[in-house]
Amino acid sequence: MPKVLVTGSNRGLGIEWVRQYAEEGWRVFATCRHPAEADDLKALAHSHRSITVHRLDITKPDDVSALARELRNESIDVLINNAGLYLEKYEDVSLDNLRFDDWELTFRVNTLGCLRVTRALKPMVAASTRRLVVAISTHMGSITEIETADAFYYRSSKAALNASMKGVSLELKPLGIGVLILHPGWNNTRMGGPDAPFRPVDTVAGMRRIIERFDMRHTGRFFRFNGEEIPW
């Protein structure tokens, strides 16, 4: 049975990753900050015995270390760094009204959190058959595609994530571990809002297709959920 770990799995894209992999017969380690409050995730786990729910705040080193200890004897075929933060109410900013505390928080989640989890779980990924790390990013992290002066916090944190994971891909390649950086599109979730054109069920299915056809020629590259490559 292949195994996948998903961060930020209590809602939106995260819970859709969990649902689709569980329905395909995978063993799923589903993580979120507050499992006791994750009613939808708990209900999904109740209906699929292959799902276990684990507490993880990716900004807290102790949480990450505790999860790594808990799973130290496991293998993880696909590690999906899905957890992220978009402070929408603070993203309509300009140079004159930046909130640096919020900017730093966005970096701690979107950039450092992904790297922290990847480092801690690298031995479990290396012990697996598929050996793949996935970072959920956004086309807004592409410097080439910046056309408006907005979303400074989110854009820069995801651009830093992309650059970091490109570097990680070069470090992990000799170990046979691949890295994919994926853009899921604008989804109809709590983060994306009701006007978003895409549904998680479709975009997660698209990203899973990219994962299924992955080989090391793709490591460190940046793709939309439909398979198109995104410029840096």
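Residues numbered from 1 in each chain as written. Predicted model: local features only at pLDDT ≥ 70, side-chain atom pairs only at ≥ 80, totals over all residues. Heavy atoms only, no water.

J.: I keep staring at the overall build of the protein chain and nothing clicks. Help me out?
T.: The helix and strand inventory of the protein chain stands at six helices and seven strands. Counting from the amino terminus, helix and strand elements in the protein chain follow one another as β-α-β-α-β-α-β-α-β-α-β-α-β. Each of the three principal axes of the protein chain carries a C-alpha extent, and together these read 50 × 40 × 35 Å. Within the span of the protein chain, comprising 232 residues, buried residues form 51% of the whole. For the protein chain, contacts bridging at least 24 residues in sequence account for 71% of all contacts bridging at least 6. Accessible surface, the protein chain: about 11,500 Å² in total, of which carbon and sulfur atoms supply 50%. Between the centroid of the 31 positive side chains of the protein chain and the centroid of its 29 negative side chains there is a distance of 7 Å. (Helix = DSSP H or I, 4+ residues; strand = E, 2+ residues; numbered from the N terminus. Buried < 20%, exposed > 50% of the residue type's maximum accessible area, 1.4 Å probe, protein only. Contact = heavy atoms within 4.5 Å. Areas by Shrake-Rupley, 256 points an atom, 1.4 Å probe, with all protein chains shown as cover. Lys, Arg positive; Asp, Glu negative; His and termini not counted. Charge placed at Lys NZ, Arg CZ, Asp CG, Glu CD.)

J.: Even after reading the chapter, I still don't get the packing of aromatic side chains, so can you show me in this structure?
T.: For any two aromatic rings, the description comes down to two numbers: the centre-to-centre distance and the angle of the planes. Evaluated as defined, the whole model comprises seven aromatic pairs. Here Tyr21 and Trp26 contribute two aromatic rings whose centre-to-centre distance is 4.5 Å and whose plane-to-plane angle is 55 degrees, an arrangement assigned as tilted. The same class applies to Tyr21 and to Trp26, which are both buried. Ring centres of Trp103 and Tyr153 lie 5.4 Å apart, and the angle between their planes is 35 degrees; this geometry places the pair in the tilted category. On the criterion of sequence distance, the pair formed by Trp103 in helix H4 (residues 100–126) and Tyr153 in helix H5 (residues 152–172) is long-range, its members being 50 residues apart. A cation sits over an aromatic face here: Arg208 above Tyr21, 5.1 Å from the ring centre. (Phe/Tyr/Trp six-rings, centres within 6.5 Å; stacked < 30°, edge-to-face > 60°. Lys NZ or Arg CZ within 6 Å of the ring centre and 35° of its normal.)

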